[in-house]
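Analysis of the macromolecular model
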Amino acid sequence: MGQRLSGGRSCLDVAGRLILQPPPPPPPVRRKLALLFAMLCVWLYMFLYSCAGSCAAAPGLLLLGSGSRASHPSPVLATAPDGTPPRLQFRVPPATPLAAGKEMAEGAASPEERSPAAPDSPSPISSFFSGSGSKQLPQAIIIGVKKGGTRALLEFLRVHPDVRAVGAEPHFFDRSYDKGLAWYRDLMPRTLEGQITMEKTPSYFVTREAPARISAMSKHTKLIVVVRDPVTRAISDYTQTLSKRPDIPTFESLTFKNRTTGLIDTSWSAIQIGIYAKHLEHWLRHFPIRQMLFVSGERLISDPAGELGRVQDFLGLKRIITDKHFYFNKTKGFPCLKKAEGSSRPHCLGKTKGRTHPDIDREVVRRLREFYRPFNLKFYQMTGHDFGWD
């Protein structure tokens, strides 16, 4: 005779002995629910881990309800790491309308040129791993030049799995040096062993203090300079400013101190930046030429895979970025990525890149080419590379 025991188990009475029977197996629905619950727990753990890593990688993010950044008090000025006291900069009122136009032309900074308040947001894929690794000072920096193709180079490099770069321009060695290396390091993304930390700030190349400051951080820092025909670069620089301030003087009036004599105004930053040989001299006092790579902005458009190959070799990386990563966008006139970092969709640079240049008087262009020619030739000799601008 069968008897039921506590707990739902049953037994048989066989010859005076009780034989326990195993409980019936759980129904299939219960097993499926248990499996689903386990999977949900794993997914929840991964999600929380990813969020924790993203928050750790972006210490500057504000909590909801904490108000805007502008409402917080400005940091107290501290002594710079090299011992020099901080200085407040004052602008001298321009004496003439033309000088005012020059100041306006030089004051229009693009969003990526402004100092970042917080690190760049990681991609959905990289954010899962952002809790791992550590933040390092950059081993390689794209130091210039403005309107040379630095944004394109950085975007292309970020496709490489062993390159991690902050998106916004930190401007540490020219504008924020007084904040210290700890602040600078905190801007960097987390990296794993074998990965390279990078940043790009094109204004470093023309900043007199930048070479010594970067050398003080690390004498082994690798430096990348994207250069472009200085005449085309100056026109592109002016075009960017014109898009923000349509009331600035013409390119021709800003170019010359005296149009009659043809004297070029080298105090205008759009002209000054293109005197590459002059700026390079300051860098060679602190870094050997072998520690610097000069990338052609023109070839970065016509042969992006070829230039990226040189960059990957210079950084000691495996050549992963090749022709298969690019396609040419005829509308923009630029190469674009078939797949951007952390995405499966094609990616082109924003609408601020590839603007149509205004028509410039041919005589002005000719005079500019004559002005830059001796500086270009000296730059070719210093770098051992003929960029073909003449």
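Keep in mind that this is a model prediction, so the values were computed, not measured.

Concerning the state of the cysteines
By the definition in use, this model includes one disulfide. Put simply, Cys-336 and Cys-348 are joined by a disulfide, and their sulfur atoms are 1.8 Å apart. On the sign convention where negative means left-handed, the S-S torsion of about 105 degrees between Cys-336 and Cys-348 marks this disulfide as right-handed. A residue pair is termed long-range when its members are at least 10 positions apart, and Cys-336 in strand β14 (residues 334–337) and Cys-348 in the loop between β14 and α13 (362–383) qualify at 12 residues. The residues Cys-336 and Cys-348 share a single accessibility class, namely buried.

Observations regarding the environment of Gly-262
Note that Gly-262 resides in the loop between β10 (256–258) and β11 (263–264). Each C-alpha atom of the pair Gly-262 and Leu-368 lies 9.4 Å from the other, and the pair is 106 residues apart in sequence. When residues no more than four places from it in sequence are discounted, the contact partners of Gly-262 are Phe-256 and Arg-367.

As for the UniProt feature "binding site: 3'-phosphoadenylyl sulfate" (unreviewed entry) in the chain
The feature "binding site: 3'-phosphoadenylyl sulfate" (unreviewed entry), as annotated in UniProt, sits at Lys-147, Gly-148, Gly-149, Thr-150, Arg-151, Arg-228, Ser-236, Lys-353, Gly-354, Arg-355, Thr-356 and His-357 in this numbering. The residue Thr-150 is located in helix α4 (residues 150–157) in this model. The exposure class assigned to Thr-150 is buried, which follows from its relative accessible area of 4%. Setting aside its immediate chain neighbours within four residues, Thr-150 contacts Ile-142, Gly-144, Val-145, Lys-200, Pro-202 and Val-226.

Things to note about helix α7 (residues 230–244)
Spanning 15 residues, α7 covers 22 Å between terminal C-alpha atoms, matching the ideal 21 Å at 1.5 Å per step. In terms of residue burial, α7 counts as a mostly covered element, since 11 of its 15 residues are buried. Those residues of α7 that sit buried are Pro-230, Val-231, Arg-233, Ala-234, Ile-235, Ser-236, Asp-237, Tyr-238, Thr-239, Gln-240 and Thr-241.

As for the side chain of Asn-329
Topologically, Asn-329 is positioned in strand β13 (residues 326–329). Judged by its relative accessible area of 17%, Asn-329 is buried. Those residues within four positions of Asn-329 in sequence are excluded, and the remaining contacts are Phe-334, Cys-336 and Cys-348.

Describing the pairing of β13
Relative to β14, β13 runs antiparallel, the two being bridged by four bridges. Residue pairing across strands places Phe-326 opposite Leu-337, the latter belonging to β14.

Definitions and cut-offs
Residues numbered from 1 in each chain as written. Predicted model: local features only at pLDDT ≥ 70, side-chain atom pairs only at ≥ 80, totals over all residues. Heavy atoms only, no water. Disulfide = S-S within 2.5 Å. Helix = DSSP H or I, 4+ residues; strand = E, 2+ residues; numbered from the N terminus. Buried < 20%, exposed > 50% of the residue type's maximum accessible area, 1.4 Å probe, protein only. Contact = heavy atoms within 4.5 Å. UniProt positions renumbered as here; feature names shortened; annotations may be inferred. Expected span 1.5 Å × (residues − 1). Pairing = 2+ DSSP bridges.

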